[in-house]
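Analysis of the macromolecular model
Here are the chains, one letter per residue:
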Amino acid sequence: MLLLGIDIGTSSIKVSVVDSETQRAITSAQYPDTESPILSYQTGWAEQSPDMWWQQVQQAIQLCNTSGHYNPADIAAIGIAYQMHGLVLVDKDQRVLRDSIIWCDSRAVEIGDKAFSAMGEKKCLTHLLNSPGNFTASKLAWVKQNEPEVYEQIDKMMLPGDFIAMKLTGEITTSESALSEGIFFDFVNNCISEDVLKYFGFSKNLFPVIQPVFSNHGNLLKSVADKLRLKPGIPITYKAGDQPNNALSLNVLNPGEVAATAGTSGVIYGVSDQLAYDPQSRVNTFAHVNYTDRQKRLGVLLCINGTGRLYSWARSVFGPALNFNEMNERAAEAPSGSYGLRILPFGNGAERMLCNKPVGAHVENIDLNLHGQSHVFRAVQEGIACAFRYGLDIMRSNGMNPSVIRAGRANLFLSDLFAEIFVNATQVPVELYKNDGSTGAALGAGIGAKIFATAKEAFVNMEKIKVIEPSNKKFEPVYQDWKRLLEKQLSN
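This write-up is about the structure you can find in this document.

About the thresholds
Residues numbered from 1 in each chain as written. Predicted model: local features only at pLDDT ≥ 70, side-chain atom pairs only at ≥ 80, totals over all residues. Heavy atoms only, no water. Salt bridge = Lys/Arg side-chain N within 4 Å of Asp/Glu carboxyl O. Helix = DSSP H or I, 4+ residues; strand = E, 2+ residues; numbered from the N terminus. Buried < 20%, exposed > 50% of the residue type's maximum accessible area, 1.4 Å probe, protein only. Lys, Arg positive; Asp, Glu negative; His and termini not counted. Polar contact = N/O pair within 3.5 Å; in protein donor to acceptor, adjacent residues only side chain to side chain. Contact = heavy atoms within 4.5 Å. Pairing = 2+ DSSP bridges. Axes fitted to C-alpha atoms, helices over the stretch in contact; angles between N-to-C directions. Core = buried A, V, L, I, M, F, W, Y, C linked by side-chain atoms within 4.5 Å. Expected span 1.5 Å × (residues − 1). Phe/Tyr/Trp six-rings, centres within 6.5 Å; stacked < 30°, edge-to-face > 60°. Lys NZ or Arg CZ within 6 Å of the ring centre and 35° of its normal. Parallel < 35°, antiparallel > 145°, perpendicular 65-115°, else oblique. Nonpolar A, V, L, I, M, F, W, Y, C, P; charged D, E, K, R; others polar. Right-handed = clockwise from strand over helix to strand, strands pointing away.

All told, the structure shown has 28 salt bridges when counted by the stated rule. Taking the shortest distance from any N to any O, the salt bridge between glutamate 476 and arginine 389 comes out at 2.9 Å. Linking glutamate 476 in helix 16 (residues 476–491) with arginine 389 in helix 13 (residues 373–397), this pair joins segments that are 87 residues apart in sequence. Of the charged contacts in the structure, one is a salt bridge between glutamate 431 and arginine 406, with a shortest N-O distance of 3.9 Å.

See below:
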């Protein structure tokens with residue numbers, strides 16, 4: 001019995017077909033093979049076309065089908081993971097009304113800050129566990145204020161994964177986890193927040209039907225099935241944001257367990273059973289995939305917007321002829337500390353862990369007679385690792401003290417050098433695993449379809465590649481120097 005997992009990333013769509021017996025991917029495909037465009041019409045804006053995602057999803061599924069490694073008719077369930085916090089709006093005919101305002105868009109920061117003050121900081125933190133900040137609710141409020149002609153046509157607002165499920169099934173659903181990441185969910189009353197609805201003037205009719213993450217979110221339309229060589233009626237039995245899904249893919253489901261990713265953005269995601277919050281909303285708490293009213297499972301999320309995005313930028317500027325493996329090899333040629341070259345990796349939207357202050361990316365201490373390509377590439381990796389350490393220290397101050405961090409062997413964690421720098425910067429061991437987001441989405445579908453009796457059963461064959469232990473504390477002076485530069489920018 002086969003499972004299909006779809007991961008809607010910012011850069012591309014990845015699809016995997018997983019054998020439920022072995023829990024291993026039979027084949028995977030990514031589309032496109034270049035980075036998808038982010039539309040930025042003004043400074044701090046970031047949009048993508050939902051219809052582009054849908055076309056790419058279809059292309060990726062068809063690429064998997066052409067591998068010849070499986071019979072598409074054997075796929076029994078579909079799971080979807082998606083970039084978090086994006087806003088998708090459709091009318092009563094399920095037509096997209098505007099491009100999606102995605103996760104790294106900063107236009108709604110001021111709206112969220114005003115809401116935090118007007119609704120009451122204590123009320124927001126105790127009920128929403130977050131400031132409305134720059135999340136989906138504030139983005140919807142921006143549309144209401146600035147594009148009233150669009151807002152008046154809205155039948156349903158949704159997140160990116162809800163949209164792809166709608167295109168596959170014709171049905172629109174959401175979940176408590178999804179509502180919480182949009183800052184629409186009241187954790188005390190366990191429902192859509194009446195305070196958010198009242199303050200922003202949103203109608204409850206804008207929200208889709210609420211379903212558990214692991215449940216039937218609709219069945220594959222015959223017209224879509226015929227086009228993709230799949231069986232009509234296959235259920236979509238799992239939908240989750242990319243970071244909760246990444247945690248699931250690493251079997252991070254219980255309090256104290258922690259996952260990390262370093263893709264376009266960088267994330268450390270820990271599971272808690274407490275309705276806790278950071279007073280400054282620098283790290284954020286959402287309902288995890290296995291959250292229920294009776295069994296609280298919260299995901300505490302640290303996000304750095306510009307990790308892989310910075311590495312991609314560095315490649316385009318300093319080594320356009322190189323691939324990422326070659327960049328990693330060049331970075332390893334430079335010494336630890338990069339002879340004083342420091343990079344602040346903030347230039348991809350407002351950073352939550354910096355209280356939404358637009359610090360921007362900075363390159364400091366360049367010596368034109370000393371620094372070359374290898375130093376730049378290493379300084380980029382070191383700057384990203386320092387940002388992780390800075391955020392992890394915030395998590396530690398809020399009671400999250402991981403003894404080990406699990407990560408997929410993907411993106412920046414493909415670099416042995418980056419993994420080593422990360423471990424020495426944070427002083428926390430990292431376990432690297434083979435699973436990725438699309439595989440996790442497929443396994444989530446198996447849990448939702450009850451192909452696996454329990455979530456634990458879905459990970460009995462999870463493959464650990466290696467464990468990286470901190471080797472020394474010599475990176476600490478580099479981090480402290482980097483931190484001084486950041487604090488200087490924050491004080492400006």
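Following the sequence through the fold, glutamate 181 ends up in helix 7 (residues 176–181). Buried glutamate 181, no salt bridge; nearest opposite-charge side chain is arginine 352, N-O distance 8.5 Å. Polar contacts involving the side chain of glutamate 181 include one to the main-chain amide nitrogen of histidine 85, which spans 2.9 Å. Sequence-distant contacts of glutamate 181, defined by excluding residues within four places in its chain, comprise Tyr82, Met84, His85, Phe135, Thr136, Leu159, Gly241 and Phe286.

Our next topic: helix 10 (residues 242–249). Among the 8 residues that make up helix 10, 7 are buried, leaving the element largely enclosed by the rest of the structure. All of the buried residues in helix 10 are Gln243, Pro244, Asn245, Asn246, Ala247, Leu248 and Ser249. Structurally, helix 10 contributes buried residues whose contacts are with strand 5 (75–82), strand 13 (236–241), strand 14 (258–262), strand 15 (266–272), strand 17 (298–304) and helix 15 (437–448). Downstream of helix 10 by a residue or two, asparagine 251 has a phi angle that is positive, lying close to 60°.

Now for the sheet that holds strand 15. Adjacent strands of a sheet form backbone hydrogen bonds with each other and so pair up, either parallel or antiparallel. Strand order across the open sheet formed by 7 strands is 16-17-15-14-20-21-22, with mixed pairing between neighbours. At either end of the open sheet lies a strand with only one pairing partner, and these are strand 16 (284–287) and strand 22 (464–468). On average, each strand axis in the sheet is inclined to that of its neighbour by 25°, with strand direction left out of account. Both strand 16 and strand 17 contribute to a ladder of 4 bridges, which runs antiparallel. Each residue of the ladder has a partner; that of phenylalanine 286, found in strand 17, is glycine 299.

A few words on the nonpolar core. Leu89, Leu140, Phe184 and Phe202 are the most contacted members of the largest nonpolar core, which totals 69 residues. Excluding its chain neighbours within four sequence positions, the residues that come into contact with phenylalanine 202 are Ala137, Leu140, Ala141, Lys144, Tyr151, Phe184, Val196 and Leu197. Val300, Ala314, Ala407 and Leu412 belong to the second largest nonpolar core, which has 55 residues in total.

Because each turn of an α-helix spans 3.6 residues, side chains separated by three or four positions end up pointing in the same direction. Across its 12 residues, helix 11 (residues 307–318) extends 16 Å between first and last C-alpha, which sits within 8% of the 16 Å expected from 1.5 Å per residue. All of the buried residues in helix 11 are Thr307, Gly308, Leu310, Tyr311, Ser312 and Ala314. Where helix 11 is buried, its residues touch strand 14, strand 15, strand 17, helix 12 (324–331), strand 18 (342–344) and helix 13.

This paragraph deals with the packing of aromatic side chains. Remark: the centre distance and the inter-plane angle together describe each pair of aromatic rings, the angle taken between the planes. As enumerated under the stated definition, the model contains 20 aromatic pairs in all. Plain terms: the ring middles of phenylalanine 135 and phenylalanine 286 are 5.9 Å apart, the flat faces sit at 80° to each other, and that makes the pair edge-to-face. Remark: phenylalanine 286 occurs in strand 16 and phenylalanine 135 occurs in the loop between helix 3 (121–128) and helix 4 (136–146); sequence separation between them is 151 residues. The class of phenylalanine 286 is buried, set by a relative accessible area of 1%. Relative to tyrosine 291, the ring of phenylalanine 185 lies with its centre 6.3 Å away and its plane at 85°, an arrangement referred to as edge-to-face. Of this pair, phenylalanine 185 sits in strand 10 (residues 185–186) while tyrosine 291 sits in the loop between strand 16 and strand 17; the two residues are 106 residues apart in sequence, bridging distant segments of the chain. We note that phenylalanine 185, like tyrosine 291, is buried. In textbook terms, an aromatic cluster arises when at least three aromatic residues are bridged by ring pairs, as seen for Phe184, Tyr199, Phe200, Phe202 and Phe207. Here the basic side chain of arginine 107 rests over the ring of tryptophan 45, its NZ or CZ set 3.7 Å away from the ring centre. Positioned above the aromatic ring of phenylalanine 324 is the side chain of arginine 315, whose terminal nitrogen or guanidinium carbon lies 4.7 Å from the ring centre.

Running from N to C, helix 10 and helix 15 point in directions that differ by 80°, and their axes come no closer than 8 Å. Comparing the axis directions of helix 10 and helix 15 gives the class roughly perpendicular. Contacts between helix 10 and helix 15 pair Asn245, Leu248 and Ser249 from the former with Gly437, Gly440, Ala441, Gly444 and Ile447 from the latter. Broken down by class, the residue content of the contact of helix 10 with helix 15 amounts to 3 nonpolar, 5 polar and no charged.

To continue, consider the pairing of strand 21 (residues 430–433). Going residue by residue along strand 21, you find Val430 and Leu432 tucked away on one face and Glu431 and Tyr433 tucked away on the opposite face as well. Taken together, the 4 bridges between strand 20 (residues 405–408) and strand 21 define a ladder with parallel strand orientation. The partner of arginine 406 across the bridge, within strand 21, is glutamate 431. Considered for its hand, the β-α-β crossover made up of strand 20, helix 14 (residues 416–426) and strand 21 is right-handed. Summarising the sheet, strand 21 and strand 22 pair through 4 bridges and their orientation is antiparallel. Each bridged residue has a counterpart across the sheet, and for tyrosine 433 the counterpart in strand 22 is lysine 464.

Take it as geometry only, folks, not as evidence of what the structure does.
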